[in-house]
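So you can see what is in the structure, the chains are spelled out below.
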Amino acid sequence: MARFVPAERACGRATRPESSIAIRIRGLTKRYRRVTALDSLDLDVRAGEVLGFLGPNGAGKTTTIRLLLGLIRPTAGTAEIFGLDAQADKVAVHARVAYVPGEATLWPSLTGAESLELLARLQGQADLEYRNELLRRFDLDTTIRIRAYSKGNRQKVNLIAALASRADLLVLDEPTAGLDPVMEQAFRLSIREAAERGQTVFLSSHVLSEVEALCDRVAILRRGRLVEVGTLAQLRHLSALTVEATFPGPPPDVTGIAGVGAVAIAGRQLTCQVRGPVADLLAALAAARPDTLLSREPSLEELFLAIYGDPQDGSAADRDD
Ligand SMILES: Nc1ncnc2c1ncn2[C@@H]1O[C@H](COP(=O)(O)OP(=O)(O)OP(=O)(O)O)[C@@H](O)[C@H]1O
Ligand SMILES: [Mg+2]
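Below, the structure is looked at part by part. (Residues numbered from 1 in each chain as written. Chains lettered and ligands numbered in written order. Predicted model: local features only at pLDDT ≥ 70, side-chain atom pairs only at ≥ 80, totals over all residues.)

1. Focus: the overall build of the chain
A tally of helices and strands in the chain yields 12 helices and 14 strands. Along the first, second and third principal axes, the C-alpha set of the chain runs to 75 × 45 × 40 Å. Here the contacts in the chain between residues at least 6 apart in sequence split such that 73% fall between residues at least 24 apart. (Helix = DSSP H or I, 4+ residues; strand = E, 2+ residues; numbered from the N terminus. Contact = placed C-beta atoms within 7 Å.)

2. Considerations on the sheet that holds strand S4 (residues 76–81)
Taking strand neighbours across the sheet as the criterion, the four strands line up as S2-S1-S4-S5 in an open arrangement whose pairing is antiparallel. In this open sheet, the two edge strands, each paired with only one partner strand, are strand S2 (36–46) and strand S5 (84–85). With five bridges joining them, strand S1 (residues 21–31) and S4 adopt antiparallel strand pairing. What sits directly across from Ile23, in S4, is Ile81. (Pairing = 2+ DSSP bridges.)

3. Things to note about the nonpolar core
Among soluble globular proteins, nonpolar side chains are generally buried collectively. Ranked by size, the top nonpolar core spans 69 residues in total, and within it Ile81, Ile160, Leu170 and Phe202 carry the most contacts. If you tally residues by element for this core, the top one is helix H7 (residues 151–165), at seven residues. Among all residues touching Phe202, those that are not within four sequence positions of it are Ile23, Val45, Leu51, Phe53, Leu169, Leu170, Val171 and Leu172. Judged by nonpolar contacts, the second largest core, of 11 residues, contains Ala240, Val260, Cys272 and Val274. (Core = buried A, V, L, I, M, F, W, Y, C linked by C-beta atoms within 7 Å. Buried ≥ 20, exposed ≤ 12 C-beta atoms within 10 Å, placed from the backbone.)

4. Points about the environment of Asp168
Relative to the helices and strands, Asp168 is located in the loop between H7 and strand S7 (169–173). We classify Asp168 as buried; it has 22 C-beta atoms within 10 Å. Distance from Asp168 to Val97, taken between C-alpha atoms, is 6.2 Å for residues 71 residues apart in sequence.

5. Considering the pairing of S7
Of all five residues that make up S7, five are buried, and the element is covered over most of its length. Every second residue of S7 is oriented toward a common face, with Leu169, Val171 and Asp173 on one face and Leu170 and Leu172 on the other, all of them buried. Examined bridge by bridge, strand S6 (residues 97–100) and S7 share four bridges and lie parallel to one another. Bridge pairing in S7 links Ala98 to Leu170. Pairing of S7 with strand S8 (residues 200–204) involves five bridges; the strand directions are parallel. Counterpart to Leu172 in the pairing with S8 is Leu203. Following the chain from S7 across helix H8 (residues 181–196) to the adjacent parallel S8, one finds a crossover that is right-handed. (Right-handed = clockwise from strand over helix to strand, strands pointing away.)

In structure tokens form, the structure reads like this:
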């Protein structure tokens, strides 16, 4: 039977030193015959951190997650979960991790309630009071058989089971694909609660607003390689500022100024991007006495399109190594 979570696990953050590492990945590599799905990944996730794990389709996110859970074997490298080896100590790792796969695979003939019971037993623990709260929050009717659930409702069964386990580490692979906006809010609330309890969350997602709302840091994969890791503020800083100005007459020529690119002129309006110090650009604009000046950081979409989208650079599937 599922049981309540032991007290010392219930107050995770207080019982662990602040500096402890939940996930330590070193040189983790997975090669298939024609494809390097993951290439020498190094990444640390602190205990209690919510990490967003991003990247275009085929970047290697699910591969990383499967390696973390010991579901597939690496070609090279190691992954440790709370100091335990993801391959050698698989069973001990599973006791501390709850996993929500991207595609919910459940037992079609069981009801929602039976599935939750079975998942709790597999997990080894469930906070039943919290699970009831989650069932209300996610508005899930558990009397229905899995095969009769919609995609979103099947996803909810897995999510509720993972959240109710109160596991030290939640590994979520696109957990909200298929959830409606109201349920997306329920998910965010639940992840915030998990973070407040000191649980660590490894969240693979394509929903940028979700990542922005929830994650302490983001790691971005492309073609199996880690291309960026940091807070969103840090990543924004790496990216160019957009500057827009209108002038009483023709805009000045700013094309030769260091760090300035993507210059576009439409009548009296100039739009450009600048990376690094802005003083030279500002001086050139000011000399032409602008009527209006607007400078803004890239939106999250612009930021990610810039990091993801490199026309020279396809997904791992396009390579032959
Ligand atoms: N069993 C396999 N055999 C061969 N290639 C595989 C296998 N599993 C994954 N790959 C390849 O590894 C690469 C990474 O796939 P992965 O599923 O990790 O991507 P992802 O980042 O999760 O993408 P998505 O956002 O679409 O879920 C892809 O090129 C994929 O085709
Ligand atoms: Mg995936």
